[in-house]
Amino acid sequence: MKSVKVGICGLGTVGGGTFNVLQRNADEIFRRCGRRIEVVQIAARSINPKCDTGSIEIIDDALALARNPDIDLVVELIGGDGIAKEVVLTAIEHGKHVVTANKALIAVHGNEIFARASEKGVSVGYEAAVAGGIPVIKAIREGLAGNRINWLAGIINGTGNFILTEMREKGRAFDDVLKEAQALGYAEADPTFDVEGIDAAHKLTILASIAFGIPLQFDKAYTEGITQLTTEDVNYAEALGYRIKHLGVARRTAEGIELRVHPTLIPAARLIANVNGVMNAVMVNGDAVGSTLYYGAGAGMEPTASAVVADLVDIARTLETASNQRVAPLAFQTDALSDEPVLPIAQCETAYYLRIQAKDHPGVLAQVASILSERGINIESIMQKEAEGQDGLIPIILLTHRVQEARMLDAIAALEALESVITPVVRIRVEQLD
Ligand code: HSE
């Protein structure tokens, strides 16, 4: 059978890994898909010293590669949504299949890209865009196709998880760990995408679409990063039996879809609470299967390459299949996507961890309790610590039952208006994931 001729755009961490895995496992891949996958051209600004490209042609113009008539499939590993988008659309216009690891591109421009690909009858694979080497797109799109998905929750940014883990386990400083993540090739070109939750929101947007059959709506995702987290809250959470993780949560409710990324307390006993370092994990709850958990390396050269190559194999296997018989890009038939609304964060519902720094006066606790009870907010547990700092303020730590965010914000405003509360109330959302 004819080989599949591939062009790779970008030979950095993921591009280099993809090239090496394709070369090293060529025979194994051939045995799996019955065709050779042959890299015939690479577009890169520089040679990756980790790759032995031999006689393969290397050019610097990715658009020329996307137009190359000898190429069947373009692998876009440049990243970002600048030239990468042009490369992908050009390849599609020229009737080529595309594989990309570019979460920003898919989350922001995926609706347009899939529409163009459908017109041209070509496939767009993006397994590597979410959770690196974990085949979670395939699991949701195909393995869970019999389910109505209720919710999913994931640690989907390796850099952020690496930082939180090192801070908690070794007491290391935030900036120091971030530098190490950059050196290891985990962090985005702009690391604020990692620590402010933007990267995780890109991935969550994609997961929510394939789980619920809704168009990609990155602009509606609520995003909160990890830069404001303090060691005090990490320690209080531990004392209450919780871990703080940077979680992406997508939940189907009667009113619409919750789509949110934020630091979250989760019970320390949950498997996902023990996912550390650069590892990622995604829990998916379906009506038939119950809760499932997918775990693995969320970033890095070869783990991400593993997902890119899996897409190549998938496309190679279905080259002769009519495009309407292939798995739909967003898991559901394009004309069957739902217009369920994505809810603003004020309408989302979670439990909360609150830390109130208050003057040590009689009656403060009663005032706090009455503000919450007046708003129908049920306290699950409460812990008052001794004053620690010079300021003489006592930390009051509370866990509440689930409540709508708008109501909690109203309660926090009332707490902050108390004469004895002079610093902002810390609030972190809590998910039981049960
Ligand atoms: N910067 C991303 C992360 C890379 O740290 O998870 C993988 O998408």
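Criteria and thresholds
Residues numbered from 1 in each chain as written. Predicted model: local features only at pLDDT ≥ 70, side-chain atom pairs only at ≥ 80, totals over all residues. Heavy atoms only, no water. Core = buried A, V, L, I, M, F, W, Y, C linked by side-chain atoms within 4.5 Å. Buried < 20%, exposed > 50% of the residue type's maximum accessible area, 1.4 Å probe, protein only. Helix = DSSP H or I, 4+ residues; strand = E, 2+ residues; numbered from the N terminus. Domains from an automatic or database assignment. Contact = heavy atoms within 4.5 Å. 1 Å grid on protein atoms, 1.4 Å probe; cavity = no way out; pocket = protein on both sides within 12 Å on 5 of 7 lines; lining within 4 Å. Points joined across faces, edges and corners; volume = space filled by probe spheres on them. Nonpolar A, V, L, I, M, F, W, Y, C, P; charged D, E, K, R; others polar. Buried area = accessible area lost by both parts, 1.4 Å probe. Salt bridge = Lys/Arg side-chain N within 4 Å of Asp/Glu carboxyl O. Polar contact = N/O pair within 3.5 Å; in protein donor to acceptor, adjacent residues only side chain to side chain. Pairing = 2+ DSSP bridges. Axes fitted to C-alpha atoms, helices over the stretch in contact; angles between N-to-C directions. Near = heavy atom within 4 Å. Areas by Shrake-Rupley, 256 points an atom, 1.4 Å probe, with all protein chains shown as cover. Sits in = over half its atoms within 2 Å of the grid points. Disulfide = S-S within 2.5 Å.

Asker: Is there a simple way to think about the nonpolar core in this case?
Answerer: For soluble globular proteins, nonpolar side chains are generally found buried alongside one another. Core analysis: the biggest nonpolar cluster contains 57 residues, and Tyr126, Val136, Ile206 and Leu207 have the highest contact counts within it. Elements supplying a minimum of two residues to this core: helix 3 (62–67), helix 4 (83–93), helix 5 (103–120), helix 6 (136–143), strand 7 (149–155), helix 10 (198–212), strand 10 (257–267) and strand 11 (279–286). With nine residues, the top contributor of residues to this core is helix 10. Of the residues that make up this core, three or more belong to each of domain 1 (4–133 + 301–336) and domain 2 (136–297). If near-sequence neighbours (up to four positions away) are discounted, Ile206 is found in contact with Lys103, Ile106, Ala107, Tyr126, Ala129, Val130, Ile137 and Leu216. Counting 30 residues, the second-largest nonpolar core is a separate cluster that includes Cys33, Ile42, Ala44 and Ala316.

Asker: Just to check I follow, could you spell out the layout of surface pockets for this structure?
Answerer: Gaps between atoms show up when a probe of the same size as a water molecule is rolled over them. Space inside the largest pocket adds up to approximately 1200 Å³. For the largest pocket, the lining is made up of 48 residues, of which Leu77, Ile78, Gly79, Gly80 and Ala189 are closest to its centre. Class assignment for the residues of the lining of the largest pocket results in 20 nonpolar, 18 polar and ten charged. Here the lining of the largest pocket spans two domains, and each of domain 1 (4–133 + 301–336) and domain 2 (136–297) adds at least three residues to it. Taken as a whole, the second largest pocket encloses approximately 560 Å³ of empty space. If you trace the second largest pocket, you find 25 residues lining it, with Ser323, Arg326, Val327, Ala328 and Pro329 closest to the centre. The set of elements that each furnish at least two residues to the lining of the second largest pocket consists of helix 5, strand 6 (124–125), helix 6 and helix 12 (301–317). Within the lining of the second largest pocket, the residues separate by chemical class into eight nonpolar, ten polar and seven charged. Inspection of the lining of the second largest pocket shows a minimum of three residues originating in each of domain 1 (4–133 + 301–336) and domain 2 (136–297).

Asker: I tried to follow the domain arrangement of the chain on my own but got confused; where do I start?
Answerer: The accessible area lost on association of the parts is a frequent measure of interface size. Here the chain is partitioned into domain 1 (4–133 + 301–336), domain 2 (136–297) and domain 3 (348–430). Its C-alpha centre places domain 1 at a distance of 26 Å from the equivalent point of domain 2. Summing both partners gives a buried area of about 2000 Å² for domain 1 against domain 2, and 64% of it is carried by carbon and sulfur. Contact with domain 2 buries area across many residues of domain 1, yet Lys103, Ala107 and Val130 alone supply 27% of it, more than any other trio. The interface formed by domain 1 and domain 2 contains three salt bridges. Among the salt bridges present, the one from Glu188 reaches Lys103, with a minimum N-O distance of 2.9 Å. Across the domain 1-domain 2 interface, the total number found is nine residue pairs in polar contact (both at pLDDT 80 or more). Going through the elements one at a time, helix 5 and helix 12 are the ones with two or more residues in the side of domain 1 that touches domain 2. Here the side of domain 1 that touches domain 2 gets eight residues from one element, more than from any other, and that element is helix 5. Of the residues assigned to the side of domain 1 that touches domain 2, the class counts are 16 nonpolar, five polar and three charged.

Asker: I keep staring at the sheet that holds strand 4 (residues 73–76) and nothing clicks. Help me out?
Answerer: Each strand in a sheet pairs with its neighbour through backbone hydrogen bonds, running either in the same direction (parallel) or in the opposite one (antiparallel). With parallel pairing, six strands are arranged side by side in an open sheet as 3-2-1-4-5-6. Only two strands of the sheet have a single neighbouring strand rather than two, namely strand 3 (57–59) and strand 6. As judged from the four bridges shared by strand 4 and strand 5 (residues 97–100), these two strands associate in the parallel manner. Of the residues in strand 5, the one forming a bridge with Glu76 is Thr100. Packing of helix 1 (residues 13–24) onto the sheet brings it into contact with strand 1 (4–9) and strand 2 (37–43), and relative to strand 2 it is tilted by some 155°.

Asker: I would appreciate a short explanation of the site of the ligand in the present structure.
Answerer: Every residue lining the ligand is accounted for by Lys103, Asn157, Gly158, Thr159, Tyr186, Ala187, Glu188, Asp194, Asp199, Lys203, Gly298 and Ala299. Contact between the ligand and Lys103: an oxygen atom at 2.6 Å from a side-chain N or O atom of the residue. Interatomic distance of 2.8 Å between a side-chain N/O atom of Lys203 and an oxygen atom of the ligand. About the coverage of the ligand: the protein hides 92% of its 260 Å² of free accessible area. Cavity membership is defined here by more than half of the atoms lying within 2 Å of grid points; on that basis the ligand lies in the largest pocket. For the shell around the ligand, the secondary-structure elements that each account for two or more residues are helix 7 (158–170) and helix 10. Looking at the shell around the ligand residue by residue, the class counts come to three nonpolar, four polar and five charged.

Asker: Would you explain the state of the cysteines in this entry?
Answerer: What we call a disulfide is simply a covalent bond connecting the sulfur atoms of a pair of cysteines. The final tally for this structure, using the stated rule, is zero disulfides. The thiol sulfur of Cys9 is not disulfide-bonded, and the nearest other cysteine sulfur, from Cys51, lies at 14 Å.

Asker: Can you walk me through empty space enclosed by the protein in this structure?
Answerer: Evaluated as defined, the whole model comprises one cavity of 30 Å³ or more. Of the volumes computed, that of the largest cavity is approximately 90 Å³. Forming the walls of the largest cavity are Leu164, Thr165, Met167, Arg168, Leu229, Val234, Ile244 and Lys245. When contributions to the lining of the largest cavity are tallied by element, the ones reaching two or more residues are helix 7 and strand 9 (242–252). In terms of residues, the lining of the largest cavity owes the most to one element, helix 7, which gives four residues. Residues of the lining of the largest cavity, tallied by class, amount to five nonpolar, one polar and two charged.

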